Amino acid sequence: MPPKVEKLPINVVELDSSDDEGTGVPVVGMTKPEINHGGNSLSKSPVIENPNAVVPPDSNYRPLDSRSFWRAGNFEVGRIKSSAIHGELEHARVHPKFLHSNATSHKWAFGAIAELLDNAVDEISSGATFVKIDRISNPRGNSPALLFQDDGGGMDPDRLRKCMSLGYSSKTSNSTIGQYGNGFKTSTMRLGADVIVFSRSSRSGRATQSVGLLSYTFLRRTGQDDVIVPMIDYDITGHWAEAIVYGSQDDWSTNLNTILEWSPFATKLDLLQQFDDIKSHGTRIIVFNLWLNDEGIYELNFDDDDEDITLRDEANHGNTSKTNKRGRELQSHISYRLRYSLRAYTSILYLKKFTNFSIILRGKPVEQYNILDELKLTKVITYRPQLAGTSKEILVETSLGFVKDTPSSVCGFNVYHKNRLIRPFWKVTADGSSKGNGVVGVLEANFIEPAHDKQDFERSSLFFKLETKLKQMVMDYWKGHCHLIGLKPLEPHLQNLLRESFVPPQVQVANAQTPSPTKFQTVTDLAAHPRPHFRSAQSGNSGRTNCNMELPGVQPMTGIAIESVKKDTQISSSSCMSIDQICEENIQLFRRCESFIQRETELKRTIEELEKELEDTKKKTSELSTRLESQKKLKLLKQLGQKA
C-alpha cells in the first residue's frame, strides 16, 4: 500500500470506553480518557498541526522508581476521586495498581512472551505468515525494548479497544488459543512497564490504522485512579490519512499529546513511521521500560547470544550447578535449556509444525522441534477420559519412548492444549525413584482447561485422573521396555541377595603352626553361620581396635589372618553395588556393545567397498591385459608382413 499523506487540519477522536483481546498481537486498555481529571497531564491542548513538532517531555516521564517487576506494585493507593460529575453515574473503577497485580499471574517471563506469540498464531487463519520477536532501542534513553510484529489481519479501531480492555475476547473458534481476554494485558505488563501498539487492517471495504498506549509509568506518574488508555485512529481508505473522530477534536488532541509525551516517539512523524514496516495489514507491539531483576540488571538478556533472548537469572543459575559430566549433559538437553533460552522454548511451544508460518527470533527463524523424532522404542497408548455430563467419546493418543541418550534423568510428559505447550516435561513418577528415568511422552489434552497463564492446568477431577493414568503408562512402559536398553530390573531373589552382607567363601589361616580346618569344614561352617560376629577391644597402648572373629570349628586366627579377612571384607563390600550402580554398569556395557556393533558394521561396509574396488580393479586389469595382448598380436603381424 502506498504511504498515506495526512490531510491537515486533522479531525479528532474521543476514546470510547470499550474492551477486548483482539486478533493479532494484542494491547491493553479500558476506560475513556477523562479531561482535567484530577489535574493530570491529560489536560486539553490544541491539535498538533506540524507532524514534526516535538512535544516537550514532561518531567514525569522518567521511569518508575522501582524497576523490578516484583516491587513495582508497592505503593500506596490514594483516595478514589468521585466520577459522579456532569450527571454521570457513580461506577467502580479499575485502579492502575490492578495492572501490576493482574500481571503477577505470570511467574515466568517466557510465559508472558508465549501469550503474545499465541495471538499471532491465532492470526494464521487471517493470512499471517510470520511473527517476529526482536530487540530494538528506545530512542528516549537508548534503553532496550521488545518488539513483536505479525502480518495478520490487524485490528480496526473497535477491535483495538476491545483488545485494550480487560476480560473481553472476541475469539470464539475452537481452534484459537486465546479465550480469557486477559493475556495481552498480563503479558505486556509482566515484561515491561509500558507498551504501545500499532495496528493496520482492512475490513468491510474500510482501511484503518490505530495507535494505543498502555503506560503504567504514565498512570503512576500522573497519579491516576483509573486506567486510561489513549488511542488515536486514522481512515486510510483513500489517498489521505484522515483522523477518525468519535468525540471532540480536543479529546483527539489530548490522546495524541499523551502518546507523544509518554511513548518512545516524540514526534507525530516518528509515530506514524512505525506503520511503514506493517505494510497493508498487521500489528506491531513495542514493550518498553523493561523490568529489571533484584540486582538492577535487565531480566531479559540480549547480549550473550545475538540470535536468542535468555533469562539472565535462570541462565546464571544453570552455570553454577552440576559441573560433573552428567550435569553438563542434562544442561545441554532441551528440557533444561527451555528454562532460560527463548529459542529453545519456542522450538517446542507448538506441537504441530507450521507449513506457511514462521517464528522469527532476532532475525533467524526458529526451527520447530518435536522430541518424538528423537525417541526410540516409541509406543502409542490410547486413553479414553470419562467426561461428566456428556456422551461424547474422546480419544487421547499418548506417545512414549526413551530419550536418545539413555540413561538420563530426563523424563516426563509434554502436555499440549490446542497445539500449545502447557506443561513441559511433567514428571508424574515419585521423586527419588529411578523407574521412569529416560521415558518421555507427548500428548494433546484438549479435554482439560489450562490456567490463566497457560503454564499449568486447572486442578479438576479430570486433571487428577489424567495424572494417575500417565503414571500407570510410565510404569507399564518401563516394565515392558527397560530391558531392551540394558535397564532390565533384577529379579526379586537377586535383589535380596544383594542386600545380604557379603561373606567370604573361604578363610585362609596364615598361622602355619595352628592346625587349619579342611576346605570342606570351612565352607560348611561359614555357610551355617553366614554372619560372623566380631569382638572389639580397645587397646590402651596403641589406641587401635583389635578384632577377633569367633567361628565354630575354626581356631583363633593370628593378626595376619585377621588382616586378610579385613581385606577380603573390604573388597567384598565394594563389590556390593546398589541396583542403580549395576544398571549403570550394564548400560555402559550395552553402550560399548552398541559401539562395537556400529564399528563392525562400518568395517563390513569398508570391506564391501574394498571388495568392490578390487573387483573393479580386476576388471580394469583384465581389459588392459586383453588390449595389451591384442596390441602385441598386431605388432607381430606387422613385423611378419614387413619380412614377407
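Just so we're clear, the structure is a prediction, and the values are computed from it rather than from any experiment.

A. Layout of the side chain of S335. For S335, the position within the fold is in helix α10 (residues 334-337). With a relative accessible area of 13%, S335 lands in the buried category. A distance of 2.9 Å separates polar atoms of two side chains, one belonging to S335 and the other to H333.

B. Here's a closer look at the UniProt feature "coiled-coil region" (unreviewed entry) in the protein. As annotated in UniProt, the feature "coiled-coil region" (unreviewed entry) corresponds to residues 593-627 in the numbering used here. With 100% helix and 0% strand, the stretch residues 593-627 has end C-alpha atoms that lie 50 Å from each other.

C. Fine view of helix α12 (residues 461-481). Here α12 is 21 residues long and its end C-alpha atoms lie 30 Å apart, about the 30 Å a rise of 1.5 Å per residue gives. Within α12 the residues assigned to the buried category are L462, F463, L466, L470, M473, V474, Y477, W478 and H481. Around the axis of α12, the buried residues are gathered within 140° of arc, so they sit on the same side. In α12, the exposed positions angled more than 90 degrees off the buried face are occupied by T468 and K479. Of the surrounding elements, those touching the buried residues of α12 are β13 (376-383), β14 (396-402), β15 (412-417), β16 (420-426) and β17 (439-444).

D. Region of the structure containing the packing of aromatic side chains. Evaluated as defined, the whole model comprises 15 aromatic pairs. Ring centres 4.8 Å apart and planes at 70° place the aromatic pair W108 and Y345 in the edge-to-face group. Separated by 237 residues along the polypeptide, W108 in the loop between α1 (97-103) and α2 (109-122) and Y345 in helix α11 (residues 342-347) bring together distant segments of the chain. What makes W108 buried here is its relative accessible area of 18%. Given the relative accessible area of 1%, Y345 is considered buried. Arranged with centres 5.2 Å apart and planes meeting at 75°, the rings of F354 and F357 form a pair that is edge-to-face. Grouping residues by exposure puts F354 and F357 together as buried. In this structure an aromatic cluster arises from ring pairing among W108, F110 and Y345.

E. Representation of the sheet that holds β13 in the model. Taken in spatial order, the five strands of this open sheet run β13-β14-β17-β15-β16, and their pairing is mixed. Both outer strands of the open sheet, β13 and β16, are each paired with one neighbouring strand and no more. Ignoring strand direction, the axes of neighbouring strands in this sheet form an average angle of 15°. In this structure, β14 lies alongside β17, joined through four bridges in antiparallel fashion. Along β17, the bridge assignment pairs L400 with G441. Packing against the sheet, α12 makes contact with β13, β14, β15, β16 and β17, and its axis sits at approximately 145° to β13.

F. Quick look at the environment of M155. Tracing the chain through its elements places M155 in the loop between β3 (143-150) and α3 (157-163). Overall, the relative accessible area of 0% leaves M155 in the buried class. Sequence separation of M155 and Q209 is 54 residues, and the distance between their C-alpha atoms is 8.1 Å.

G. Here's a closer look at the pattern of salt bridges. A complete count under the given rule lists 15 salt bridges for this structure. Where D235 meets R206, a salt bridge forms, and the shortest distance between an N and an O atom there is 3.2 Å. One end of the pair, D235, is in strand β6 (residues 231-235); the other, R206, is in strand β5 (residues 206-215), and 29 residues separate them in sequence. Connected through salt bridges with shared partners, the residues R423, D456 and R459 form a single ionic network.

Conventions we followed
The residue count restarts for each chain, going from 1 along the sequence in the order it is written. Per-residue local features are limited, in this predicted model, to residues with pLDDT of at least 70; the limit for side-chain atom pairs, both in listing and counting, is 80 or more; totals at the level of whole chains, interfaces and linings are taken over all residues. Derived side-chain values reflect all non-hydrogen atoms in the structure, with water molecules and hydrogen atoms excluded from consideration. Numbering goes from the N terminus for both helices and strands, where a helix is a DSSP run of H or I of at least four residues and a strand is a run of E of at least two. The buried label goes to any residue with under 20% of its type's maximum accessible area, the exposed label to any with over 50%, and the partly exposed label to all in between, with areas taken from a 1.4 Å probe on protein chains only. Here a polar contact means two N or O atoms within 3.5 Å. Within protein one must be a hydrogen donor candidate and the other an acceptor candidate, and residues neighboring in sequence count only if both atoms are side-chain atoms. UniProt positions are given in the numbering used here, feature names are shortened, and annotations may be inferred rather than shown by experiment. For a helix, the expected span equals 1.5 Å multiplied by the residue count minus one. Note that the arc is computed from the directions linking the helix axis to the C-beta atoms. Contacts between residues were defined by any pair of non-hydrogen atoms, one from each residue, lying within 4.5 Å. We call Phe, Tyr and Trp rings a pair once their centres come within 6.5 Å, taking the six-membered ring for Trp, and we label the pair stacked below 30 degrees between planes, edge-to-face above 60, and tilted otherwise. In short, DSSP must find at least two bridges between two strands for them to pair. An axis is simply a line fitted to the C-alpha atoms; with a helix, the fit covers only the stretch in contact. Between two such axes, the angle follows the N-to-C directions and lies from 0 to 180 degrees. Each reported salt bridge corresponds to a side-chain nitrogen of Lys or Arg within 4 Å of a carboxyl oxygen of Asp or Glu.

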